[in-house]
Amino acid sequence: MKKHLTAFLIIVTHLSVSAQTATKSLNGIWKFKAPIQLEWGTYHTIKTDLSTLQWDSIAVPGNWDTENEYSRYVGEAAYYRTFEIPSAFSKGELFIHFDAVYYEAKVYINGNYLGQHAGGYTPFEFCITDMVRRDTINELVVLVSNEISRGAWWSWGGISRNVSIHQYNDVKIDRFMISAIPDFENGKTTFSLSSQLENLKAVSKKLQVEVVFDDPAIPSIESSITLGNNEIKTIKSTFSINTEKLKLWHFDDPNLYHVTLKLKSGGTVLEERKTRFGVRKVEVKGIQLLLNNEPIRAFGFNRVSDHRAYGNTEPFELIKRDIDHMK
């Protein structure tokens with residue numbers, strides 16, 4: 001087998017899109033204040049009149065460390081903006097969704113505490129159906145702390161990825177993940193699928209679950225499931241097909257497959273989620289790093305998002321340039 005001398009990035013991508021979910025983006029210019037002192041009421045509610053405070057402005061997504069005034073600030077900061085619920089959001093359950101906030105976030109709607117999340121690179125969301133005002137302006141506050149550092153890079157503080165409001169109808173796909181690992185000894189590739197489904201209603205629902213791939217060489221999957229009142233359930237499935245029918249992912253030819261998960265009731269699609277994946281196997285044998293059973297020599301590995309002007313919210317063009325340089 002030939003040896004490759006190249007740059008090698010293992011990027012675990014979980015790109016998912018929901019076709020049935022109505023979405024309102026909250027990206028843009030937010031108000032910002034650091035440090036922040038607030039007056040607290042019962043049940044950790046915010047009592048401060050936020051409209052009277054002196055605020056700076058900051059972009060979301062973004063990092064406060066890219067601003068000279070806050071370039072070395074470590075601590076808690078406040079992000080603040082107002083929003084209205086679109087008239088089209090008249091049905092279903094409303095969730096506020098964050099793709100990532102570094103590192104800890106506490107979220108408040110109209111002064112009321114929603115919840116918190118720790119982990120600077122993972123998405124999270126909270127149900128806001130019963131806490132928003134549909135006929136007037138709502139106030140959103142996110143308290144962000146970058147006091148915890150993870151890894152050997154700068155702890156870029158802030159709301160570093162997209163923020164949006166989602167409206168889900170009846171059911172929700174909380175998670176949809178897939179892996180496809182080839183076994184080169186037996187010539188088979190094993191597909192492992194896992195999805196977490198949530199019933200948003202206080203009534204039992206019987207659903208048809210359909211998984212469809214964009215390549216006819218990979219068989220579709222159909223099953224049925226019953227979700228109880230407000231039940232959350234994880235379903236898993238595994239199957240294998242001949243590897244020779246598939247196109248493997250390689251850094252010189254990074255082929256990706258696309259797959260769609262649909263939840264149906266009586267033939268009507270209630271919710272849909274799409275994601276993409278590559279078929280590949282990475283392993284170490286002795287002192288060799290193998291990709292798809294081929295020895296490779298890596299000159300670049302696991303690029304870190306870290307830039308003085310952009311923080312960890314770099315534009316695609318900059319990421320591509322770095323990868324091209326590495327290759």
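Given the structure is predicted, the values throughout are model-derived calculations rather than measurements. Starting from 1, residues in each chain are numbered consecutively following that chain's sequence as written. Local features in a predicted model are, by the rule used here, given only for residues with pLDDT of at least 70; side-chain atom pairs are given and counted only at 80 or more, and totals for whole chains, interfaces and linings are based on all residues. Only heavy atoms go into the side-chain values, all of them from the structure, while hydrogens and water stay out.

**Q** Mind laying out the sheet that holds strand β10 (residues 124-127), listing which residues take part and the relevant values?
**A** Any two strands are treated as partners once DSSP identifies two or more bridges connecting them. Helix and strand assignments follow DSSP, with helices taken as H or I runs no shorter than four residues and strands as E runs no shorter than two, numbered in order from the N terminus. The sheet built from 4 strands is open, its strands ordered β3-β12-β7-β10 with antiparallel pairing. Every interior strand has two partners, whereas the edge strands, β3 (22-25) and β10, have only one. If you compare each strand with its neighbour and ignore which way they point, the axes differ by 25 degrees on average. Bridging between β3 and strand β12 (residues 163-168) involves 4 bridges; their strand directions are antiparallel. Note that in β12 the partner of Lys24 across the bridge is Ile165. Inter-axis angles, ranging from 0 to 180 degrees, are taken between N-to-C directions of lines fitted to C-alpha atoms, where helices are fitted over the stretch in contact.

**Q** Give me the lowdown on the environment of Lys31, citing residues and values where you can.
**A** Tracing the backbone shows Lys31 in strand β4 (residues 28-33). Here the alpha-carbon distance between Lys31 and Tyr80, two residues 49 residues apart in the chain, equals 5.0 Å. Contacts were defined at the residue level, with two residues in contact if any of their heavy atoms lie within 4.5 Å. When near neighbours in sequence (up to four residues on either side) are disregarded, Lys31 contacts Trp55, Asp56, Ala78, Tyr79 and Tyr80.

**Q** Which residues make up the pairing of strand β9 (residues 112-118), and what are the values?
**A** Looking at chain direction, strand β8 (residues 104-109) and β9 are connected through 6 bridges and run antiparallel. Counted as the bridge partner of Lys106 is Gln116 from β9. The antiparallel hairpin formed by β8 and β9 contains 2 residues in its connecting segment, where Asn110 sits at a positive phi of about 50 degrees.

**Q** Any details on the pattern of salt bridges? Residues and values, ideally.
**A** For this analysis, a salt bridge means a side-chain nitrogen from Lys or Arg found within 4 Å of a carboxyl oxygen belonging to Asp or Glu. Enumeration according to the criterion identifies 11 salt bridges in this entry. Where Glu210 meets Lys264, a salt bridge forms, and the shortest distance between an N and an O atom there is 3.2 Å. With Glu210 in strand β15 (residues 205-213) and Lys264 in strand β18 (residues 257-265), this pair connects stretches of sequence that are 54 residues apart. The cut-offs for exposure are 20% and 50% of the maximum accessible area for each residue type, with area from a 1.4 Å probe on protein chains only; residues under the lower value are buried, those over the upper are exposed, and the others partly exposed. A relative accessible area of 16% means that Glu210 is categorised as buried. What makes Lys264 buried here is its relative accessible area of 18%. Within the structure, one salt-bridge network assembled from shared partners comprises Glu125, Lys172, Asp174 and Glu198.

**Q** With reference to specific residues and values, describe the nonpolar core.
**A** Definition of nonpolar core: a set of buried residues of the types Ala, Val, Leu, Ile, Met, Phe, Trp, Tyr and Cys, connected through side-chain atoms within 4.5 Å. Trp30, Trp64, Tyr79, Ile96, Leu140, Val142 and Ile159 are the most contacted members of the largest nonpolar core, which has 32 residues in total. Those elements giving two or more residues to this core turn out to be β4, β5 (56-60), β6 (76-83), β7 (93-98), β8, β10, β11 (138-145) and β12. By size, the runner-up hydrophobic cluster in this structure holds 26 residues, among which are Ile173, Ile221, Phe239 and Leu261.

**Q** Help me get a handle on the packing of aromatic side chains, residues and values and all.
**A** Two rings from Phe, Tyr or Trp (for Trp, the six-membered ring) form a pair when their centres are within 6.5 Å of each other. A pair whose planes differ by under 30 degrees is stacked, one over 60 is edge-to-face, and the rest are tilted. Under the counting rule described, the total for this entry stands at 21 aromatic pairs. When the ring of Trp40 is compared with that of Tyr108, the centres are 5.7 Å apart and the planes differ by 45 degrees; the resulting orientation is tilted. Linking Trp40 in the loop between β4 and β5 with Tyr108 in strand β8, this pair joins segments that are 68 residues apart in sequence. Classification of Trp40 by relative accessible area gives partly exposed; the value is 36%. When the centroid spacing of 5.2 Å and the interplanar angle of 20 degrees are considered together, the rings of Trp55 and Tyr80 count as stacked. Of this pair, Trp55 sits in the loop between β4 and β5 while Tyr80 sits in strand β6, placing them 25 residues apart in sequence. Residue classification places Trp55 among the buried residues on the basis of a relative accessible area of 16%. Its relative accessible area of 4% is what places Tyr80 among the buried residues. Here a set of aromatic residues connected by ring pairs shows up, and it is made of Trp30, Phe32, Trp64, Tyr70, Tyr73 and Tyr79. The ring of Phe95 carries Lys172 above its face, with NZ or CZ at 4.6 Å from the centroid. Note on geometry: a ring has a charge over it if NZ (lysine) or CZ (arginine) is within 6 Å of the ring centre and within 35 degrees of the ring normal. The ring of Trp249 carries Arg280 above its face, with NZ or CZ at 4.5 Å from the centroid.

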